[in-house]
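Reading the structure
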Amino acid sequence: MNIKLRLFIAFFLVFGAGLYYVFDIIVNDIRPRYFETVEESMNDTANILAALIEEDIKDGKISVKRISELSDITYQKKFSAKIYSHLKTSVDLQFYVCDRNGIVIFDSRNGERNGKDFSEWNDVYLTLRGEYGVRSSKITTEEEGLLYVAAPIKSNGIIIGSVTVEKSKKSISSFIYLARKRVMFLGFISFGAFTVISIILSFWITSPIKKLTAFINSLKENRHSLPPKFSGSEINDLALAFEKVFRELKGKKYIENYVNALTHEIKSPLSSIRSAAELLTEKLSEEQKEKFAANILRESSRIHSLIEKMLLLSALENREGLKSVEKIKAKEVIEDVTKSLLPQAESSEIELKMQCDENIIMEGEYFLVRHSLLNIADNALKHSPTGSMVEIKCEVKNDSAVFSVIDQGSGIPEYALQKIFDKFYSIPSISTSKKGTGLGLSFVKESVQLHGGNVSITNNSSKGVTAEISFPLKQNRAKEQ
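What counts, and where the lines are drawn
Residues numbered from 1 in each chain as written. Predicted model: local features only at pLDDT ≥ 70, side-chain atom pairs only at ≥ 80, totals over all residues. Heavy atoms only, no water. Helix = DSSP H or I, 4+ residues; strand = E, 2+ residues; numbered from the N terminus. Buried < 20%, exposed > 50% of the residue type's maximum accessible area, 1.4 Å probe, protein only. Contact = heavy atoms within 4.5 Å. Areas by Shrake-Rupley, 256 points an atom, 1.4 Å probe, with all protein chains shown as cover. Polar contact = N/O pair within 3.5 Å; in protein donor to acceptor, adjacent residues only side chain to side chain. Pairing = 2+ DSSP bridges. Axes fitted to C-alpha atoms, helices over the stretch in contact; angles between N-to-C directions. Left-handed = near helix turned anticlockwise from the far one by under 90°. Nonpolar A, V, L, I, M, F, W, Y, C, P; charged D, E, K, R; others polar. Core = buried A, V, L, I, M, F, W, Y, C linked by side-chain atoms within 4.5 Å. Expected span 1.5 Å × (residues − 1). Salt bridge = Lys/Arg side-chain N within 4 Å of Asp/Glu carboxyl O. Phe/Tyr/Trp six-rings, centres within 6.5 Å; stacked < 30°, edge-to-face > 60°. Lys NZ or Arg CZ within 6 Å of the ring centre and 35° of its normal.

Moving on, we get to the overall build of the protein chain. When you go through the protein chain residue by residue, the secondary structure sums to ten helices and 14 strands. Of all 481 residues assigned to the protein chain, the portion counted as buried reaches 37%. Look at the contacts in the protein chain between residues 6 or more apart in sequence, and 66% of them connect residues 24 or more apart. For the protein chain, the accessible surface area stands at approximately 28400 Å², while carbon and sulfur atoms represent 57% of it.

The topology assignment puts arginine 135 in strand 5 (residues 134-137). Arginine 135 sits in the buried class, given a relative accessible area of 12%. Within the structure, arginine 135 has its side chain in polar contact with the side chain of tyrosine 96 (distance 3.4 Å). Side chain to side chain, arginine 135 and aspartate 123 meet in a polar contact 2.6 Å long. Excluding anything up to four places from it in sequence, arginine 135 contacts Tyr96, Trp121, Asn122, Asp123, Leu146, Leu147 and Tyr148.

On to the sheet that holds strand 6 (residues 146-155), then. Spatial ordering of the open sheet is given by 4-3-7-6-5, a layout of five strands whose pairing is antiparallel. Of all strands in the sheet, those with a lone pairing partner are strand 4 (104-107) and strand 5, marking the two edges. Looking at each pair of strands side by side, their axes are set apart by 25° on average, direction ignored. Pairing geometry for strand 6 and strand 7 (residues 158-168), over ten bridges, is antiparallel. Looking at strand 7, one finds that alanine 150 is bridged to threonine 164.

Our next topic: the sheet that holds strand 11 (residues 389-397). Across the sheet, which stays open at both edges, the five strands sit in the order 9-11-12-14-13 with mixed pairing between neighbours. At either margin of the open sheet sits one strand with a lone partner, and together these are strand 9 (351-356) and strand 13 (454-459). Between one strand axis and the next, the sheet turns through 15° on average, direction left out of account. Across the face of the sheet, helix 7 (residues 330-347) comes into contact with strand 9, strand 11 and strand 12 (400-406) while running at roughly 180° to strand 9. Those strands touched by helix 10 (residues 440-451) are strand 13 and strand 14 (465-472), and its axis lies near 30° from that of strand 14.

For the rest of this paragraph, the subject is the packing of helix 7 against helix 8 (residues 366-382). What describes two packed helices is the angle between their axes and the distance between those same axes. Contact geometry of helix 7 with helix 8 gives a least axis separation of 9 Å together with a crossing angle of 35°. For helix 7 against helix 8, the interelement crossing comes out right-handed. Between helix 7 and helix 8, the contacting residues are Glu332, Val333, Ile334, Asp336, Val337, Ser340, Leu341, Gln344 and Ala345 on the first element and Tyr366, Val369, Arg370, Leu373, Leu374, Ala377, Asp378, Leu381 and Lys382 on the second. Grouping the constituent residues of the contact of helix 7 with helix 8 by class yields eleven nonpolar, two polar and five charged.

This part takes up the nonpolar core. The biggest cluster of nonpolar side chains holds 39 residues, and the ones touching the most others in it are Leu373 and Phe403. Elements supplying a minimum of two residues to this core: helix 7, strand 9, helix 8, strand 11, strand 12, helix 9 (414-417), helix 10 and strand 14. Per-element accounting of this core gives the leading share, seven residues, to helix 8. Apart from the residues lying within four places of it in its own chain, the contact partners of phenylalanine 403 are Ala330, Ile334, Met362, Val369, Leu373, Lys393, Cys394, Ala467, Glu468, Ile469 and Phe471.

Bringing the pairing of strand 6 into the picture now. Counting buried positions along strand 6 gives eight out of ten residues, so the element sits mostly inside the fold. In this structure, strand 5 lies alongside strand 6, joined through four bridges in antiparallel fashion. Across the sheet, residue serine 137 finds its bridge partner in strand 6, namely leucine 146. Two successive antiparallel strands, strand 6 and strand 7, enclose a turn made up of two residues, where asparagine 156 displays a positive phi of approximately 55°.

This part takes up unusual backbone geometry. Excluding glycine, a negative phi dihedral is what most residues carry, and trans is how most peptide bonds are arranged. A positive phi angle is found at aspartate 59, which is not glycine, with a value near 55°. Mapped onto the elements of the fold, aspartate 59 is located in the loop between helix 1 (3-55) and helix 2 (65-76). The exposed category is assigned to aspartate 59, whose relative accessible area is 80%. Residue aspartate 399 is not a glycine yet carries a positive backbone phi of 60°.

What follows concerns helix 8. In a regular helix each residue adds 1.5 Å, so 17 residues correspond to 24 Å; helix 8 covers 24 Å between its end C-alpha atoms and thus fits that length. When you tally the buried positions in helix 8, you get twelve out of 17 residues, the bulk of the element.

This brings us to the pattern of salt bridges. Counted under the stated rule, the structure contains 13 salt bridges. Between aspartate 92 and lysine 167 there is a salt bridge, with the nearest N and O atoms lying 3.0 Å from each other. Remark: lysine 167 occurs in strand 7 and aspartate 92 occurs in the loop between strand 2 (86-88) and strand 3 (94-99); sequence separation between them is 75 residues. Using a relative accessible area of 16% as the deciding quantity, one classes lysine 167 as buried. Its salt-bridge partner being glutamate 395, residue lysine 397 comes within 3.6 Å of it at the nearest N-O pair. By relative accessible area, lysine 397 is classed as partly exposed at 36%. For glutamate 395, a relative accessible area of 32% translates into the label partly exposed.

As a packed pair, helix 8 and helix 10 sit with axes 9 Å apart at the nearest point and diverge in direction by 145°. Helix 10 is crossed by helix 8, and the crossing has left-handed handedness. Along its contact with helix 8, which presents Phe367, Leu368, Val369, His371, Ser372, Asn375, Ile376 and Asn379, the element helix 10 presents Gly440, Leu441, Phe443, Val444, Ser447, Leu450 and His451. In the contact of helix 8 with helix 10, the residues fall into eight nonpolar, seven polar and no charged.

Going through the model one piece at a time under the given rule, you end up with five aromatic pairs. With a centroid separation of 5.1 Å and 80° between ring planes, the pair formed by tyrosine 96 and phenylalanine 118 is classed as edge-to-face. Highlighted residues: tyrosine 96 in strand 3 and phenylalanine 118 in the loop between strand 4 and helix 3 (122-128), separated in sequence by 22 residues. Here the aromatic cluster, defined as three or more aromatic residues joined through ring pairs, consists of Tyr96, Phe118, Trp121 and Tyr148. Across from the ring centre of tyrosine 148, 3.7 Å away, lies the NZ or CZ of arginine 135, which sits over that ring.

Interpretation note: all reported values are geometric properties and have no functional meaning in isolation.
Following this line, the structure appears as structure tokens:
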């Protein structure tokens, strides 16, 4: 399980648990809060009715005449009130009045409870004793039932009766249902939002790790890349630490590899020079002396050329970016390379053909661009037969200047195609049957990569080889050092 999924699950569980806890409390708290609100309103109503009844008390006796008339008018009245989604058309609040003994002396429900003894019911029992009287009961097991709130009826400060207001819980339940429905809907929306937030957070947290991993892989694959910028200093410090360790390890390995490679490559010419020098100490003819001296000169030149190219390639490989970026005309580069190779081409009777638009302008280091094209074209000449043609051209593709060098040689053997960019790997040329240093294409590869381009060498379908090197028309200034 990757860290992104772990983070997502962690955020999801934490948010989900917290959300469930909060909404569970809210949902379960809706019902008692609604009943508390309704009970408070019923208490006000009961005390208002008690005050009306107290105005008609004479000689300590309760009169229900006025309250009866008020009841008839109230329950006959029809209206239309849209309370949220609940339509109300009549008064559903009922009440009854009890004397000091708890006997019902007035009932708003058409007097059906008149004369009944309610002295044992909590609303009446508690109120007659000066306490707060309230009770709740069910009509049937299927229905919600009724809520009762009572207020005392007093005469000269003495409780002589009670008035109880009753309301069906069914009317309240519809509001509770709507409130719960809205809360549940909000819960689902919030749950979805928290899911999205969890995904975003997991991506946000793991994004620097992915960038850091890509950077480390680029170091491992020896690609030229700068440390990515992160918002947190800890990740930045970690990236710089990784880069420092890789650079140090790379430097040690680099020196080791170069020493081994150089030792291997100069072993053969040194042996040849030593043998020729030993023979020169003996009595030889002038012709033989000249032959061995020429051999020493040739092999020493080979060592000198090898060391120079290794130093040049070494300096290039240890660079992190371009030093001096300038605007370069592609046609001028081709003309420069062609002039340098013209004597070699004429001596081998090879035609050099160039093709390039004057308007192709790119950014880069002129020396590296020219030297890369020169290496490619020089290889093409060395592997081309007498009387053939080498074509050098440039065109724009995908915002890059693409230089192509096409020869008519015998091509590259299949076994060598995957190795031609390896250091010190080369195949014999047609003209001299000798191998080169095997560093030219390595130089080309490094130069092109520093520019952010690509290089490819493929065999043509008929004969010869096509080598392409591409350089971006615009350079990212962050690459400059």
